[in-house]
Amino acid sequence: MARKKRMEKARQGGLIVGRISVNRRGYGFVEAEEGDIYVASRDMAGAMHRDVVGVRLTASRGRQGRSGVVAKVIERANETVVGRYERHGRLGIVVPSDPRIRTEVFVPSRDGAGAEDGDIVVARLTAYPSRRNAAQGVVEEVLGAEGEPGLEIEVIIRQHGLRTEFSAEVHAEAAAERLDIDGALKAGGRADLREIFTVTIDPADARDFDDAISIQRIDGRLRLGVHIADVSHYVAWDSAIDREARRRATSVYLVDRVLPMLPEELSNEICSLKPDEDRLAFSVLMDLSADGVVESYELTPSVIRSDRRFDYDSVQSWLDGEAPFPDTESERTLREFLRVARAIGERRVARGGLDFETVEAKVVLAEDNITPVDVRIRQRTDATNMIEEAMILANEVVAGHMTRAGAPMVYRIHEDPDADALGQVAVILKEFDYPMKDIHGASPATFQRIVHFAHGRPEQRLINSLLLRALQRARYTDYLGTHFGLASEAYCHFTSPIRRYPDLLVHRLLRSQLAGTLGKEPVASMAGELEWLADHCSVMEREAEAAEDDSVRVKLAELMTQHVGEVFDGLITGVHSFGLFIQLDNTAEGLLHVSMMSDDYYHFEPERFMLVGEERRRSYRLGERIRVRIVGVSVPEGRIDFEPA
């Protein structure tokens, strides 16, 4: 409540309020209801990455869009800073490892906790930076000497404020939970669906299973069942488990470990939809027409029994005819599922839903769980698409149901693209001579046509990446809004309550709506907290994604230390006055600095995103293939340096 009052006071004073995200180069953007505001590094006024700030707009408007200066820090986001400890006489200085934290932390020698010069430490802030004063702190943890194997992931965990341990109270609550299928059925209001043939399809290395699928033919119609782990049955609002899950807001999937939202007693055991075991679920049963239209649906708590545990690769091999199906019932289910999922997907794309062709890098570690040995590129397949389409449809059905009921709700919204970002994409489309050149105010269908046009072309990965960057980030809200990327009028997250807190909130709200108890405790109290919970979950989701990306980046860099001096083909993914960003085929990305381009003097043409040589007129542009040699790698920074080959 105090935070809300401070924000309202700032707005009354003519300030725009939002959370600032600082770039590695020092400038930042404030994400506010009024749109993104650019803040130069000189105008931060002591604000740090992720702080909630009040910004005063300036008259200038550059390539970055609207500009402003930080007038007030409303809420601090960083209690600690991770960095390298340096001794300077009687004073210690912590130099942040995270380039988005632009201020050094001064530590009196008595508060150094025995840290040696060059150690990586965690410093707790005792005074925040301001226009006149530096940050001050005390060392509360020494992580180890710089360069120790595996230390980079520990740094990432602390940089992003991720929690790694559950309290004894949380473990005790989790251990006290019992499956109690019979008791849940006797309590009433729960459908017994154990006789329905049901399967899970997940990555081969998945440890928790929070969604299962069933396909039935009933009176000539196809019924698609999406069955989700009933976490809300075990995790009560404001219990110790719930408070910890609320703080985390999401599970985090790093290269070498998972930091789960829920303790393993729940996430990997009684909530997980394991094969051949009875489990409590929340089921969305949808009767579909031949072309994938939901003609009727039923939402109900349930009991299910997963008959098969499948993984994506195996399912794809069966569908492709590379291996035989394990049995006739599995074959019937998977072939029927593929057919209906394609129909659902075609309808979604036809209404303008985006269908980006993205790739994901999975770094493979050696047995020590530290040393990277390989990279596997995960791409979308029929098997992954089937699950994705079923989950999207179930989320839409739940969101639409709650909207029509007028119930309190946590939605997932995705606002229209930023006009300035679209302007940059339009330049690239013109350079590549795409038929869709003016995309200001474009509908999702236009984006989809661009993706389709790029398919199979050399710049396909780049175009998909640029469009993704141009889009606003999806976020959680307590009010209804459209989802641009899905072209959906009402959308939510319902299908992953083991790993996402908003899904757990939606389960509680839906259960209460179905039971007619929205006005009763504890849901009545919870409903009053939805605004800040939605904002908090959005923030933590971004931190989790950033941590996951950082962990992949440093392990890719570590892998490429084995290839210094070798030549690779790559794609130009960024063009700046200082050089070219190059992405290799294994997704590792590095910088070819202009100082390494000694054959000419290159100048930057920002309007065309090109570097052009003055004498030879050799040009480098976004999307171009290039051969480079690795000349250096910094693992802690996740940085790879190239030279032309």
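For the structure, see preceding data.
Remember, it's a predicted structure, so these values are computed and weren't measured experimentally.

K.L.:
Please explain the overall build of the protein as it appears in this structure.
P.N.:
Each helix and strand in the protein was counted, giving 15 helices and 31 strands. Taken against the 2.2 N^0.38 rule, which gives 26 Å for 645 residues, the C-alpha radius of gyration of the protein at 26 Å falls within 12% of a compact globule. Judged by the C-alpha coordinates and their principal axes, the protein covers about 75 × 60 × 55 Å. Out of the 645 residues belonging to the protein, those deemed buried represent 52%. Sequence separation of 24 or more characterises 65% of the internal contacts of the protein that already satisfy a separation of 6 or more. Summing over all exposed atoms, the protein offers an accessible surface of approximately 28700 Å²; the carbon and sulfur share of this is 47%. Of the side chains in the protein, 84 bear a positive and 107 a negative charge, and the two mean positions are spaced by 5 Å.

K.L.:
Could you clarify how one ought to interpret the sheet that holds strand S6 (residues 80-88) in this entry?
P.N.:
Pairing is mixed in the closed barrel, where 5 strands are placed in the order S6-S7-S8-S10-S9. This sheet shows a mean twist of 50 degrees between the axes of neighbouring strands, independent of strand direction. As judged from the 8 bridges shared by strand S9 (residues 119-127) and strand S10 (residues 135-145), these two strands associate in the antiparallel manner. Across the sheet, the residue bridging to Asp119 is Ala145, located in S10.

K.L.:
Is there a simple way to explain the pairing of S9 in this structure?
P.N.:
Every regular strand shows the same layout, with side chains that alternate between the two sheet faces. By the bridge criterion, 5 bridges tie S6 to S9 in an arrangement that is antiparallel. Across the sheet, the residue bridging to Val81 is Ala123, located in S9.

K.L.:
Could you clarify how one ought to interpret unusual backbone geometry in this entry?
P.N.:
Across the chain, the bulk of peptide bonds are trans and the bulk of non-glycine residues have phi less than zero. The residue after Glu521, namely Pro522, is reached through a cis peptide bond having omega 5 degrees. Note on placement: Pro522 falls in the loop between helix H13 (501-515) and helix H14 (523-527). Positive phi, close to 70 degrees, is recorded for Asp238, a residue that is not glycine. As for its position among the elements, Asp238 is in the loop between strand S14 (221-229) and helix H5 (240-248). Positioned with a positive phi, Thr587 is a non-glycine residue whose angle comes to about 80 degrees. Here Thr587 shows up in the loop between strand S25 (579-584) and strand S26 (589-593).

K.L.:
Is there a simple way to explain the side chain of Thr198 in this structure?
P.N.:
Within the fold, Thr198 resides in strand S12 (residues 198-202). The buried category is assigned to Thr198, whose relative accessible area is 0%. Here Thr198 is in contact with Ala212, Ile213, Ser214, His227, Ile304, Arg305, Ser306, Asp307 and Arg308, once residues within four sequence places are set aside.

K.L.:
Even after reading the chapter, I still don't get the packing of H5 against H13, so can you show me in this structure?
P.N.:
Working note: a packed helix pair is described by the angle between its axes plus the distance between those axes. Where H5 meets H13, the closest approach of the two axes is 9 Å, and the angle between their N-to-C directions is 130 degrees. Comparing their axes, H13 and H5 come out oblique. In this structure, H5 uses Asp242, Ala245 and Arg246 to contact H13, whose residues at the interface are Tyr501, Leu504 and Arg508. Here the residues of the contact of H5 with H13 are counted per class, giving 3 nonpolar, no polar and 3 charged.

K.L.:
Help me out: how do you make sense of the layout of surface pockets in this one?
P.N.:
To find leftover empty space, a probe the size of one water molecule is rolled over the atoms. The volume enclosed by the second largest pocket comes to roughly 720 Å³. Of all the secondary structure elements, the ones that give two or more residues to the lining of the second largest pocket are helix H8 (328-350), helix H9 (382-405), helix H11 (444-454), helix H12 (460-470) and S25. It is H8 that provides the largest number of residues to the lining of the second largest pocket, a total of 7 residues. In the lining of the second largest pocket, the residues fall into 10 nonpolar, 9 polar and 12 charged.

K.L.:
Help me understand the pairing of strand S30 (residues 625-634) in this model?
P.N.:
As paired elements, strand S24 (residues 567-576) and S30 share 5 bridges and run antiparallel to each other. Among the inter-strand pairings, Asp569 is bridged to a residue of S30, identified as Arg627. Summarising the sheet, S30 and strand S31 (residues 639-644) pair through 6 bridges and their orientation is antiparallel. Bridging from a neighbouring strand, Val628 pairs with Pro644 of S31. Between S30 and S31, which pair antiparallel one after the other, the connecting turn spans 4 residues, and Gly638 there sits at a positive phi close to 65 degrees.

K.L.:
Please clarify how the sheet that holds strand S29 (residues 619-621) should be interpreted in this entry.
P.N.:
Adjacent strands of a sheet form backbone hydrogen bonds with each other and so pair up, either parallel or antiparallel. Strand order in this open sheet of 3 strands is S27-S28-S29, and the pairing throughout is antiparallel. The two strands at the open ends of the sheet, each matched to only one other strand, are strand S27 (602-605) and S29. Strand-to-strand twist of the sheet, defined as the mean angle between neighbouring strand axes without regard to direction, takes the value 20 degrees. Relative to S29, strand S28 (residues 610-613) runs antiparallel, the two being bridged by 3 bridges. By the bridge assignment, Leu611 is partnered in S29 with Tyr620.

K.L.:
Explain the packing of aromatic side chains here, please?
P.N.:
The description of two aromatic rings rests on the distance between their centres and on the angle between their planes. Taken as a whole, this structure holds 10 aromatic pairs when the rule is applied. Pairing Phe282 with Phe494 gives two aromatic rings, centres 5.8 Å apart and planes at 80 degrees, and the pair type is edge-to-face. With Phe282 in strand S17 (residues 278-288) and Phe494 in the loop between strand S23 (475-477) and H13, this residue pair connects regions lying 212 residues apart in the sequence. Each of the two residues, Phe282 as well as Phe494, counts as buried. When the ring of Tyr602 is compared with that of Tyr620, the centres are 5.6 Å apart and the planes differ by 55 degrees; the resulting orientation is tilted.

Rules used throughout
- Residues numbered from 1 in each chain as written.
- Predicted model: local features only at pLDDT ≥ 70, side-chain atom pairs only at ≥ 80, totals over all residues.
- Heavy atoms only, no water.
- Helix = DSSP H or I, 4+ residues; strand = E, 2+ residues; numbered from the N terminus.
- Rg over C-alpha atoms; globule rule 2.2 N^0.38 Å.
- Buried < 20%, exposed > 50% of the residue type's maximum accessible area, 1.4 Å probe, protein only.
- Contact = heavy atoms within 4.5 Å.
- Areas by Shrake-Rupley, 256 points an atom, 1.4 Å probe, with all protein chains shown as cover.
- Lys, Arg positive; Asp, Glu negative; His and termini not counted.
- Charge placed at Lys NZ, Arg CZ, Asp CG, Glu CD.
- Pairing = 2+ DSSP bridges.
- Axes fitted to C-alpha atoms, helices over the stretch in contact; angles between N-to-C directions.
- Parallel < 35°, antiparallel > 145°, perpendicular 65-115°, else oblique.
- Nonpolar A, V, L, I, M, F, W, Y, C, P; charged D, E, K, R; others polar.
- 1 Å grid on protein atoms, 1.4 Å probe; cavity = no way out; pocket = protein on both sides within 12 Å on 5 of 7 lines; lining within 4 Å.
- Points joined across faces, edges and corners; volume = space filled by probe spheres on them.
- Phe/Tyr/Trp six-rings, centres within 6.5 Å; stacked < 30°, edge-to-face > 60°.

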